[in-house]
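Here is what each chain is made of, one letter per residue.
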Amino acid sequence: MMRTELDAAGIRATQLRAAYLRCRELNARHGRTFFLATRLLAPAQRPAIHALYGFARWADDIVDEPPIDDATGSRADRLDAVAEDLHDSLSGNRDDDPIFAALADTVARYRIDHVLFDEFLESMRMDLTVTDYPDRAALDRYVHGSAAVIGLQVLPVLGTVGARAEAAPYAAALGKAFQLTNFLRDIAEDLDRGRVYLPADELAAFGVDRDLLHWCRDHRRTDTRVRSALAAQHAVARDWYRYADAGITLLHPVSRPCVATAAVLYSEILDRIEETEFAVFTARATVSNVRRTRVAGSALARALWARRGGRVRALAPARD
């Protein structure tokens, strides 16, 4: 199937095709929901989404997984090297690394703003030193680079029915909604890494601090104060999904089933969290394979219909 996608995207060079395949493997392994939703895009769009996600996943792993030994250098050094290699790749001065090669090709084809990648790496650097966020404004600065810019990166690939600037706030908002969902789902895992991705002042309003969160983690129980605080954060995430949903109609018709499916499935993680009464310290909230398949299956007919009549041609990437 990947061969069909690469052919549809006009990617012919053997080495470059292998680079995109590497990114597709990362997407399939780490992003089950996103990978499934990507299958609803036109074949020509999929390699670019894989390249963008593959780079983001790879850089995020550098932050979350410490070096095996001193010879690999510190995570900060590795991120600095990534930033330098990224600059070289986007400038056309490096193509030996498969992830950078696919990313640089995608950025050039779709004329994606390079600043978005600088902002992403800046948030990755924050993860090396920042362990708490005092208020919503501080957290929003992190989320902009870690998630909102991802929505902005993929927007040129998705295409829009009008000016891209009109759809941009909604694309950024959906990335933010996904990230806020992650923060609630992964609170125990993040605590194990020494991080709390919830505004400290908003937690304190319910009598919650880091010590109480650790107590919940250690005892695998959700204190009533923590439950109330998480419910408030849950409502914030819901608001961002509602806002982002209004922007789906601004996307190219071919891309709407994919984005709508990703939004539905990811927002249902919030449903699972709520159904368990915020027992996020006991088990990781997930959406079942059966449910993912059912939602994607119902969207497939809409996706196929949108591709009829030559509509996909309007999404052809920019070429030199």
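Here is a short report on the structure shown in this document. Since the structure is predicted, the reported quantities are computational estimates derived from the model, not experimental observations.

Procedures and definitions
Residues numbered from 1 in each chain as written. Predicted model: local features only at pLDDT ≥ 70, side-chain atom pairs only at ≥ 80, totals over all residues. Heavy atoms only, no water. Helix = DSSP H or I, 4+ residues; strand = E, 2+ residues; numbered from the N terminus. Rg over C-alpha atoms; globule rule 2.2 N^0.38 Å. Buried < 20%, exposed > 50% of the residue type's maximum accessible area, 1.4 Å probe, protein only. Contact = heavy atoms within 4.5 Å. Areas by Shrake-Rupley, 256 points an atom, 1.4 Å probe, with all protein chains shown as cover. Lys, Arg positive; Asp, Glu negative; His and termini not counted. Charge placed at Lys NZ, Arg CZ, Asp CG, Glu CD. Phe/Tyr/Trp six-rings, centres within 6.5 Å; stacked < 30°, edge-to-face > 60°. Axes fitted to C-alpha atoms, helices over the stretch in contact; angles between N-to-C directions. Parallel < 35°, antiparallel > 145°, perpendicular 65-115°, else oblique. Left-handed = near helix turned anticlockwise from the far one by under 90°. Nonpolar A, V, L, I, M, F, W, Y, C, P; charged D, E, K, R; others polar. Salt bridge = Lys/Arg side-chain N within 4 Å of Asp/Glu carboxyl O. Expected span 1.5 Å × (residues − 1). Core = buried A, V, L, I, M, F, W, Y, C linked by side-chain atoms within 4.5 Å.

This part covers the overall build of the protein. When helices and strands are counted, the protein shows 15 helices and 0 strands. In terms of overall size, the protein behaves like a compact globule, its C-alpha atoms giving a radius of gyration of 20 Å where 320 residues would be expected to give roughly 20 Å. Each of the three principal axes of the protein carries a C-alpha extent, and together these read 55 × 50 × 35 Å. Classification of the 320 residues of the protein by burial places 51% in the buried group. When contacts within the protein are restricted to residue pairs at least 6 apart in sequence, those whose partners lie at least 24 apart make up 74%. Of the accessible surface of the protein, which amounts to about 14800 Å², a share of 52% is contributed by carbon and sulfur atoms. Seen as two clouds, the 43 positive and the 45 negative side-chain charges of the protein have centres 10 Å apart.

Turning our eyes to something else, we now look at the packing of aromatic side chains. Counting across every chain of the model gives 13 aromatic pairs. With a centroid separation of 6.1 Å and an interplanar angle of 80°, the aromatic rings of Trp240 and Tyr243 are classed as edge-to-face. Of the two residues, Trp240 and Tyr243 both sit in helix α13 (residues 224-245), 3 residues apart, roughly one turn of that helix. We classify Tyr243 as partly exposed; its relative accessible area is 37%.

What follows concerns the packing of helix α4 (residues 46-64) against helix α6 (residues 98-110). The geometry of α4 relative to α6 is characterised by a closest axis approach of 9 Å and an angle of 130° between their N-to-C directions. Relative to α6, α4 is oriented oblique. For the pair α4 and α6, the sense of crossing is left-handed. Here α4 contributes Ala48, Ala51, Leu52, Gly54, Phe55 and Trp58 to the contact with α6, which in turn contributes Ile99, Phe100, Ala102, Leu103, Thr106 and Tyr110. Across the contact of α4 with α6, the residue classes break down as 10 nonpolar, 2 polar and no charged.

Structurally, Leu103 is set in helix α6. Residue classification places Leu103 among the buried residues on the basis of a relative accessible area of 0%. Here the alpha-carbon distance between Leu103 and Leu90, two residues 13 residues apart in the chain, equals 8.1 Å. Ignoring sequence-local partners within four residues, the contact set of Leu103 consists of Ala51, Leu52, Phe55, Leu86 and Phe117.

So, about unusual backbone geometry. Of note in this structure, Arg111 is not a glycine but carries a positive phi near 50°. Mapped onto the elements of the fold, Arg111 is located in the loop between α6 and α7 (115-129). On the basis of relative accessible area, Arg111 is assigned to the exposed category, the value being 58%. Residue Phe278 is not a glycine yet carries a positive backbone phi of 65°. One can find Phe278 in the loop between α14 (256-275) and α15 (289-306).

Oppositely charged side chains may form a pair once their charged atoms are brought near each other. Under the defined criterion, the tally for this structure stands at 24 salt bridges. Asp7 is paired through a salt bridge with Arg17; the nearest N and O atoms lie 2.9 Å apart. Of this pair, Asp7 sits in helix α1 (residues 2-9) while Arg17 is found in helix α2 (residues 14-30), placing the two residues 10 residues apart along the sequence. Connected through salt bridges with shared partners, the residues Glu5, Arg24, Arg39 and Arg46 form a single ionic network.

Here the focus is α4. Over its 19 residues, α4 runs 26 Å from end to end, which matches the ideal 27 Å to within 8%, given 1.5 Å per residue. Of all 19 residues that make up α4, 18 are buried, and the element is covered over most of its length.

Let's shift gears to the side chain of Arg24. Considering the arrangement of structural elements, one finds Arg24 in helix α2. Overall, the relative accessible area of 18% leaves Arg24 in the buried class. Excluding residues that lie within four positions of it along the chain, Arg24 makes contacts with Met2, Glu5, Phe35, Arg39 and His50.

Glancing now at the nonpolar core. With 98 residues, the main nonpolar core has Phe55, Phe117, Leu213 and Phe281 as its most contacted residues. In contact with Phe281, not counting residues within four places along its chain, are Ile187, Ala188, Leu191, Leu213, Cys216, Arg217, Arg220, Arg221, Thr222 and Val226.

None of this, on its own, says anything about what the molecule does.
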